[in-house]
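# Notes for the structure review
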Amino acid sequence: MVKSSVLGFPRIGALRDLKKANEAYWGDKISRADLLAEGKRLRLAHWKIQKDAGVDIIPSNDFAFYDHVLDHIQLFNAVPERYTSQKLDTLDEYFAMGRGHQKGGVDVPALEMVKWFDSNYHYVKPTLKDNQTFSLAKDPKPVREFLEAKQAGFHTRPVLLGPVSFLALGKADRGSSVDPITLLDKLVPVYVELLKALKAAGADSVQIDEPILVFDLKPEIKNAFKPAYEAIGALGSAAPSIVIATYFGDIAHNLDVLPAFSNLHGLHIDLVRSPEQLQAVIKQLGPKQILSAGVIDGRNIWKNNFQKSIELVQTAVEALGEDRVIVATSSSLLHVPHTLASEKKLPAEVFNWFSFAVEKCHDVSVLARAVTNPDSVRAELDANAATMKSRAESTRTNDPKVKERQAKVTPEMHNRQTPFEQRYAQQKKHLNLPLFPTTTIGSFPQTQQIRIQRNKFTKGEITTQQYDDFIKKEIEYAIQIQDELDLDVYVHGEPERNDMVQYFGERLEGYVFTTHAWVQSYGSRCVRPPIIVGDISRPAPMTVKESKYAASISKKPMKGMLTGPVTCLRWSFPRDDVHQSVQCQQLALALRDEVVDLEKNGIYVIQVDEPALREGLPLRKGSERDAYLRWAVDSFKLSTAGVEDSTQIHSHFCYSEFQDFFHAIAALDADVLSIENSKSDAKLLKVFIDEAYPRHIGPGVYDIHSPRVPVEDEFKQRIQEMLQYLRPEQLWINPDCGLKTRKWDEVKGALTHMVNAAKYFREQY
Ligand code: GLN
Ligand code: ZN
């Protein structure tokens, strides 16, 4: 019989329970024991959901209080000394690595956090030193959680991040030069010990994730699989049977690695992203190995087309037999919201088009039964076919006016009127900025008060007038603070925005929104991506009112703030029935109108954020990547090029890994770029000199993900480092990203130091 399997379940709970508990713990409102109990409650609830849905293979150790890669850092005792030396308890040490710790005389910044493959989830980077050692933590979490499940009557399959991916996703700590993969022979024995412990605890199988197999791999990394999995495979029956899981792409280009797994039980592949790899992978499997077929999308919310999936799984069953095929989610369900059942406001027509995590558990179980015995789930199959038909025939998805406008887009619409040098001369006159201009990235703290008022407004407890007045006061406050701080380019603070994508989605045609569909982005931060269901257009201006008001009461240039087309697309759940380039161009045209409207209303600095541009990059080099870059860059340019030369276009990116991506960033032709940089080496900026980058750049001078307030000298040191790589007249001074997750006193403290540091350098030049 074909079994069903889930690779991981969202951790945050139906009502962002984990976020609330974490934040309460950080704010000293609940105890350590309370937080641990809440974690346990969530794990048990999630196992029950899966069991009730009829899922055969249920994961454990997929839960994490902050991040699962961070869990592994602690699990392998690979915690950098700057944390262990603080003698915090295990949980606080864990959070210190995740988010920094500035309390009770302890002051340590967080470890670097980066995007998890091409998703909007972030993981904490293993940060390793030259003479790194590893050992298994006491009371290892995977064993503990397996036993916890077992006690509650759930037989689970623990999930581990594999040794090669763990190292390949890590980096050398500052001051070390170790290539993490060279540490493999020290790490593998820890896995061996852990696997034995899991077996002893009663685990009969384990899922080991090696997602890096979807990348183009350096030979050193590729060659690491063999020794790692020979050692693990040699355990034989001393270890649970092992399924290697890959996701977010195909592994067809790394098939030569598969013999390394030949002593293992099976392999999971993502057939949503890459159904084409099926045949090639089947051919490589050993005579007894099983294939876990990832056909239920772990990354998007569209209901699975059962008929198509059944056909795909049947191909595998024909080749391998029913006992050697598992029907699975394509990846962990971490990337989809908890349950559709919470959504009371979705239009009835579209409600049935979606499946969230809870529903996907059901889908995966139905699908497994459908492959074995379609008649046993006939009603579900018929209902699914009806849903597919309703969506395909809906008028909601199709707007001829949008298509007409897209047909009229010309190449010239993508370009500014003159090259940077010429238009910059006009901007300089117009904006009158000092050397090392200071600015922020857009948002100021989203306080409790803001959330309360927004909630009241959403519920109809206050009028639009009352809410607008409240927002105005918030803008006034943000401007007063910027006056006090003496910043050079102001922002209005984005108090009216619940989220940088959702806010725009709510103002565009073609979207639908959810009320509870939260997805974890990092730590306790969750986002609620809107869903693109049809052709997109802008019925009315979206941000002009707030920016215009802000400009009217400030003495310095006001920066208008928009989310770029690629980011709007990437941080929404996109359609799966139209190519993403088409959806992106529709967004670009809507934003172009907004940019022009801002300018018409006296906003002469406009930032179009594209933090998601890089994560959209296909994971492998080659034609797919080139094509993506072409349409993504074009969309940004289309959205921004409608302005006069004297208007300054900014863009912003929340990542530092731009070296391999440099040409795309340069091609955007933005007058000013702000980029995350504070936690990486300033040396990365060298690419800007090497490539003679002419335009302006604000590499972030401090980490906004952490509540920690850096001292003034840290800012000066950072700026000094940047000046080794950037021309003074090119350098802007700004934080890494928006400040919405911070508290006002943290913001005031940090920005005071930042502005002082900028002024210090202004005097030197
Ligand atoms: N303008 C946005 C803000 O400041 C940018 C956020 C982001 O890049 N993630 O909040
Ligand atoms: Zn950012």
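Our subject is the structure listed above.
An account of the accompanying structure is given in this report. (Residues numbered from 1 in each chain as written. Chains lettered and ligands numbered in written order. Predicted model: local features only at pLDDT ≥ 70, side-chain atom pairs only at ≥ 80, totals over all residues. Heavy atoms only, no water.)

## What about the packing of aromatic side chains?
Enumeration according to the criterion identifies 31 aromatic pairs in this entry. Taking 5.0 Å as the distance between ring centres and 85 degrees as the angle between the ring planes, the aromatic pair formed by Phe63 and Phe65 counts as edge-to-face. The two residues Phe63 and Phe65 agree in class, both being buried. Seen in terms of ring centroids, Tyr628 and Trp631 are 5.0 Å apart; in terms of plane orientation they differ by 80 degrees. Their pairing is edge-to-face. Linking Tyr628 with Trp631, this pair stays in helix α24 (residues 623-640), spanning three residues, or about one helical turn. (Phe/Tyr/Trp six-rings, centres within 6.5 Å; stacked < 30°, edge-to-face > 60°. Buried < 20%, exposed > 50% of the residue type's maximum accessible area, 1.4 Å probe, protein only. Helix = DSSP H or I, 4+ residues; strand = E, 2+ residues; numbered from the N terminus.)

## What about unusual backbone geometry?
Although it is not a glycine, Asn77 sits at a positive phi angle of roughly 50 degrees. By relative accessible area, Asn77 is classed as partly exposed at 39%. Positive phi, normally seen in glycine, also occurs at Phe248, with a value near 75 degrees. Structurally, Phe248 is set in the loop between β11 (241-245) and β12 (266-270).

## Remarks on the sheet that holds β11
Read across the sheet, eight strands follow the order β1-β14-β13-β12-β11-β10-β8-β2 without closing on themselves; strand pairing throughout is parallel. Because the sheet does not close on itself, it has two edges, and the strands there are β1 (3-5) and β2 (58-60). Mean inter-strand twist for the sheet, computed between neighbouring axes without regard to direction, equals 30 degrees. Inspection of the sheet shows β1 paired to strand β14 (residues 325-329) by three bridges, in the parallel sense. Residue pairing across strands places Lys3 opposite Ile326, the latter belonging to β14. In the packing of helix α8 (residues 184-201) onto the sheet, the strands contacted are β8 (156-161), β10 (205-209) and β11, and the crossing angle to β8 comes to about 170 degrees. (Pairing = 2+ DSSP bridges. Axes fitted to C-alpha atoms, helices over the stretch in contact; angles between N-to-C directions. Contact = heavy atoms within 4.5 Å.)

## Description of the sheet that holds strand β21 (residues 648-653)
Ordered by their spatial adjacency, five strands build an open sheet running β19-β20-β21-β22-β23, and the pairing between neighbours is parallel. Edge positions in the sheet fall to β19 (559-563) and β23 (696-699), since each of these pairs with one other strand and no more. Taken pair by pair, the neighbouring strands of this sheet meet at an average axis angle of 20 degrees, ignoring direction. By the bridge criterion, five bridges tie strand β20 (residues 605-609) to β21 in an arrangement that is parallel. Bridge pairing in β21 links Val608 to Ser651. Lying on the sheet, helix α17 (residues 420-431) is in contact with β20, β21 and β23; it crosses β21 at an angle near 100 degrees.

Keep in mind these values describe shape, not function.
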